[in-house]
Amino acid sequence: MTATLGDIADCMPDRTAALAKAATLIEALPWLDRFHGQTVVIKFGGHAMTDEALRLAFAQDVVFLRYAGLRPVVVHGGGPQISAQLDRLGVATSFTAGLRVTTPETMDVVRMVLTGQVNRDVVGLINRHGPFAVGMSGEDANLLTATRRHILVAGEPVDICMVGKIDAVNPGAVCALIDDGRVPVISSVARSESGEVYNVNADTAAAAVAVALGAAKLVVLTDVEGLYANWPDSAAAAGGEVAGSAASAGSAASAGSAAAAGGEAAGGEAAGGEAAGGEVISQLTAASLEAMLPDLSEGMIPKMEACLLAVRGGVPQAHVLDGRLPHAILLEIFTDSGIGTMVLPDQATNDDGATV
């Protein structure tokens, strides 16, 4: 039977869509080759943890990475879930320098929520697609060893109680899971050498794990589009944890272009469009970021400190992505444009060996 012009016309939209999908797959090919067999540590947090559609998309991304030959490791917090449980129990909570002040009573709730609730939820989402995810906490097999952390506020030391600073990472159990084709899902709780249990910042925990595993990337999901160049003017527009300063933007710009770094740096307009007029810094070096840290917003400091810790510890790239954008992880890793903000070591080089 001979096809009519009408039949051919009816098929064209499907063909166009199929060609677009093929083009996307071809665009991903260099990145599939580059990251095949490499470990990627993802810090799961923010709005992506509480929105059901975003949670499902995140799990799909993790499974896609695994099938694509990458070795994903998930480190998660659970701030909204902890706060909700504390509210239900009538336990007051507060934050200092972006970190939760964790009393012994609060620590019991943190441990219960992170390891007993959130971790199981994330594992379950991933395992809808196959027997991949295995849950663990930083306490398991002494993965994370911590000591009590004190911080300085206006030059004065402040006690934030059962909040830990990670001193050592023992990645043996995680490596065994990865080698077995599993996806480790780690809650950000740590134990001291004397047996005390600490709440550790999930961003910092993810960075420490990435360094210990020799990861190719650290990806931090958050509720903003990246690091903003014109903080604080963009704060009201973004409505979230925006950061950056106009003075630092110039030095950030000297970090180079996305192409020089291998095409993966974030770029262009913010993904969600919620920070109208707020320019996202696509990439910057560790030195530029370090200079900016004192001027960042309180909520953004731990995330950018984590990126700094990672690249100074040998991780080639650290990214802050907008977790409100579905499949943000795949867009960053497998497309030429990328999204968010990428932090590079001070002497990052491109494929030709030129310094970025």
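Basis of the calculations
Each chain has its residues counted from 1, running along the sequence as written. Given that this is a predicted model, residues contribute local features only at a pLDDT of at least 70 and side-chain atom pairs are listed and counted only at 80 or more, while totals for whole chains, interfaces and linings are drawn from all residues. Only hydrogens and water are set aside when side-chain values are computed; all heavy atoms of the structure are taken into account. Runs of H or I in DSSP of at least four residues are treated as helices and runs of E of at least two as strands, each being numbered from the N terminus. Note on classification: 1.4 Å probe, protein chains only; a residue is buried when its accessible area is under 20% of the maximum for its type, exposed when over 50%, partly exposed between these limits. By the convention used here, residues are in contact when the closest approach between their heavy atoms is within 4.5 Å. Two N or O atoms form a polar contact when they lie within 3.5 Å of each other; inside protein one atom must be a possible hydrogen donor and the other a possible acceptor, and for residues adjacent in sequence the pair counts only when both atoms belong to side chains. For two strands to pair, DSSP has to find at least two bridges joining them. By this rule, a helix spans an expected 1.5 Å times one less than how many residues it contains. Note on definitions: angles span 0 to 180 degrees between N-to-C directions of axes, and those axes are lines fitted to C-alpha atoms, for helices only across the stretch in contact. Between Lys or Arg on one side and Asp or Glu on the other, a salt bridge is scored when a side-chain nitrogen of the former is within 4 Å of a carboxyl oxygen of the latter. Confidence per residue, as judged by the predictor, is encoded in pLDDT with a range of 0 to 100.

Caption draft 1: Highlighting the overall build of the protein. For the protein, the count of helices and strands is 11 helices and 16 strands. By the burial criterion, 51% of the 356 residues in the protein qualify as buried. Pairs at least 24 residues apart make up 74% of the contacts formed inside the protein by residues separated by at least 6 positions.

Caption draft 2: The environment of Arg-148, seen in detail. Structurally, the position occupied by Arg-148 is in strand β6 (residues 144-153). For the pair Arg-148 and Val-163, spaced 15 residues apart in sequence, the C-alpha to C-alpha distance is 6.0 Å. Excluding anything up to four places from it in sequence, Arg-148 contacts Asp-159, Cys-161, Met-162, Val-163 and Tyr-198. Here Asp-159 takes part through its side chain, which lies 3.3 Å from a polar atom of the side chain of Arg-148. Within polar-contact distance, the side chain of Arg-148 engages the backbone oxygen of Cys-161 at 3.1 Å.

Caption draft 3: Representation of the pairing of strand β16 (residues 341-344) in the model. Here β16 shows no split at all, with Thr-341 and Val-343 on one side and Met-342 and Leu-344 on the other all buried. Relative to β16, strand β14 (residues 283-285) is paired through three bridges, and the arrangement is parallel. Within the sheet, the bridge partner assigned to Leu-284 lies in β16 and is Val-343. Sheet topology places strand β15 (residues 317-322) next to β16; three bridges connect them, and they run antiparallel. Counted as the bridge partner of His-319 is Met-342 from β16.

Caption draft 4: The arrangement of helix α2 (residues 52-67) in detail. If you check α2, its first and last C-alpha atoms are 23 Å apart, about what 16 residues at 1.5 Å a residue would give, namely 22 Å. By the burial criterion, the buried members of α2 are Leu-54, Arg-55, Ala-57, Phe-58, Ala-59, Asp-61, Val-62, Val-63 and Leu-65. Contact partners of the buried residues in α2: β1 (39-44), β2 (71-76), α4 (104-126), β8 (183-187), β11 (217-222) and α11 (328-334). The N-terminus of α2 is capped by Asp-51, whose side-chain oxygen sits 3.1 Å from the backbone nitrogen of Ala-53. Phi turns positive, to about 95°, at Gly-69, one or two residues after α2.

Caption draft 5: Here's a closer look at the sheet that holds β11. Read from one edge of the open sheet, eight strands run β5-β8-β2-β1-β11-β15-β16-β14, paired in mixed fashion. In the strand order of this sheet, the two ends are held by β5 (133-137) and β14, each with one partner. Direction aside, the axes of adjacent strands within the sheet are offset by 20° on average. Pairing of β11 with β15, which is carried by six bridges, proceeds in the parallel orientation. Bridge pairing in β15 places Thr-222 opposite Asp-322. Of the strands in this sheet, β1, β2, β5 and β8 are in contact with α4, which crosses β8 at around 155°.

Caption draft 6: Structural view of the pattern of salt bridges. A full pass over the atoms with the stated rule returns 12 salt bridges. Residue Lys-43 pairs with Asp-203 through a salt bridge whose shortest N-O separation is 3.2 Å. You can see Lys-43 sitting in strand β1 and its partner Asp-203 sitting in helix α6 (residues 202-213), a full 160 residues away along the chain. One salt bridge in this structure joins Asp-203 and Lys-303, with 3.8 Å as the shortest N-O distance. Of this pair, Asp-203 sits in helix α6 while Lys-303 sits in helix α10 (residues 301-312), placing them 100 residues apart in sequence. One exposure class covers both Asp-203 and Lys-303, and it is buried.

Caption draft 7: Molecular detail of the side chain of Thr-39. Mapping Thr-39 onto the fold places it in strand β1. Excluding residues within four positions of it along the chain, Thr-39 makes contact with Arg-71, Val-73, Leu-213, Ala-215, Ala-216 and Lys-217.

Caption draft 8: Just the confidence of the model for the protein, in detail. A residue-level look at the protein finds 80% of positions with pLDDT of 70 or above and a mean pLDDT of 82. Counting interchain partners and residues more than four positions distant, the pLDDT-below-50 stretch residues 234-277 has 119 contacts. Considering only residues more than four positions removed or in separate chains, one finds that residues 349-354, a stretch of pLDDT under 50, has eight contacts.

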